[in-house]
Amino acid sequence: MVNKLQNVDIRAKVGRKASFVAIFGNIFLTMFNFLVGFLSGSTALVAEGTHTLSDVITSLMAYVGFRIGMRPADEEHLYGHGRAEPIVGLIIVVFLGIVAFEILSEVYKKFMLGEAMTPPGLIAAVMALIGIFINYAMTNYLVKTGKRINSPVLIADGRHQSVDIFSCAAVLIGVIGSRFGFTFLDPIVAIFIAFMVLKTAFQLACDNVNSIMGKLPYPLIVEDVKSVVLSLKDVKGVHDVKINNMGPYSSAELHIELDKDLNLQESHKIAHKVEELIINKIEIIKMVTVHTCPTEDKCEIK
């Protein structure tokens, strides 16, 4: 089974902290990329500043998505608001597409419009190195935290952040190459970065669309549910197990087979035991609906 934090308050606290790390980390990088870019004459670093500014926006969006996803069920959303997280994840995909377009537009200006390509100062290389380490640390932190609390939007933001590692590496290569006279290196590497951005966007789009469409959170979850239910001696069988993935959590529906001589009250108590056991043993499942059937009858819904 997948080990996830179950306590809602802890999940909210951990997710809020991760979002703030991403927001303030990207604000720091944006300010210094712009500052060093203008001082060193590095157009690539100024472009990276624009890129990190978009990261601030997407991190804010990720935080909003996480907050909405944490809202409890209400009269209009009986299964809660969990799908807000993968929806915001898809919006982040759109921003990744915009970033890729901006990078390719800059390459077009340099190659096709004949913009001058002058070597920037070495301080740009230092800032690129700092950016690589900061973005690597934030990427690992966001993705690990997202997986720990099962948050699609934090994972999306973390993978988005990983693109900045390659962007900073491109700036570093461009600066060093330019100092040796290879001024064309910066736009060439930028093309590679743009395709890395698009690849990340495609992967995130697939993950979040699958989450919205209710794909199983992990392949063996149905078998895990059956194993947990059959651990109760009163349950003779289980079938028609359905898992509905909401993003950060899931709901389950299933039929259990009980002795036909049990009365309604006894069957009801066992069904409640099954619900509690599944929720306690499989952390990602927060809601369970159990239908009881006598062992000798077929009760599949047609």
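Quick note: structure is the one above.
Residues numbered from 1 in each chain as written. Predicted model: local features only at pLDDT ≥ 70, side-chain atom pairs only at ≥ 80, totals over all residues. Heavy atoms only, no water.

S.K.: Please explain the packing of aromatic side chains as it appears in this structure.
M.R.: The geometry of an aromatic ring pair is captured by two quantities: the separation of the ring centres and the angle between the planes. Across all of its chains, the model carries three aromatic pairs by this definition. On the basis of an interplanar angle of 45° and a centroid distance of 4.6 Å, the ring pair of Phe28 and Phe32 is categorised as tilted. Here Phe28 and its partner Phe32 are both found in helix H1 (residues 8–40), four residues apart, which amounts to about one turn of the helix. Since its relative accessible area comes to 34%, Phe32 is described here as partly exposed. Ring centres 6.4 Å apart and planes at 15° place the aromatic pair Phe34 and Phe38 in the stacked group. Placement of both Phe34 and Phe38 in helix H1 is noted, with a separation of four residues, approximately one turn of the helix. By relative accessible area, Phe34 is classed as partly exposed at 24%. (Phe/Tyr/Trp six-rings, centres within 6.5 Å; stacked < 30°, edge-to-face > 60°. Helix = DSSP H or I, 4+ residues; strand = E, 2+ residues; numbered from the N terminus. Buried < 20%, exposed > 50% of the residue type's maximum accessible area, 1.4 Å probe, protein only.)

S.K.: Honestly, the nonpolar core in this entry has me stumped. Any pointers?
M.R.: General note: in soluble globular proteins, nonpolar side chains tend to be found buried as a group. Ile103, Val153 and Val197 are the most contacted members of the largest nonpolar core, which totals 29 residues. When contributions to this core are tallied by element, the ones reaching two or more residues are H1, helix H2 (43–69), helix H3 (84–112), helix H5 (152–179) and helix H6 (185–212). With eight residues, H3 is the largest single contributor of residues to this core. Dropping the residues within four chain positions of it, Val197 is found in contact with Leu96, Ala100, Ile103 and Val163. Judged by nonpolar contacts, the second largest core, of 24 residues, contains Tyr218, Val228, Ile256 and Val288. (Core = buried A, V, L, I, M, F, W, Y, C linked by side-chain atoms within 4.5 Å. Contact = heavy atoms within 4.5 Å.)

S.K.: Looking at this structure, I do not really get unusual backbone geometry. What am I missing?
M.R.: Generally, phi is negative for residues other than glycine and the peptide bonds are trans, each holding for most cases. In this model, Asp240 sits at a positive phi of 50°, which is unusual for a non-glycine residue. Note that Asp240 resides in strand E1 (residues 237–245). Since its relative accessible area comes to 27%, Asp240 is described here as partly exposed.

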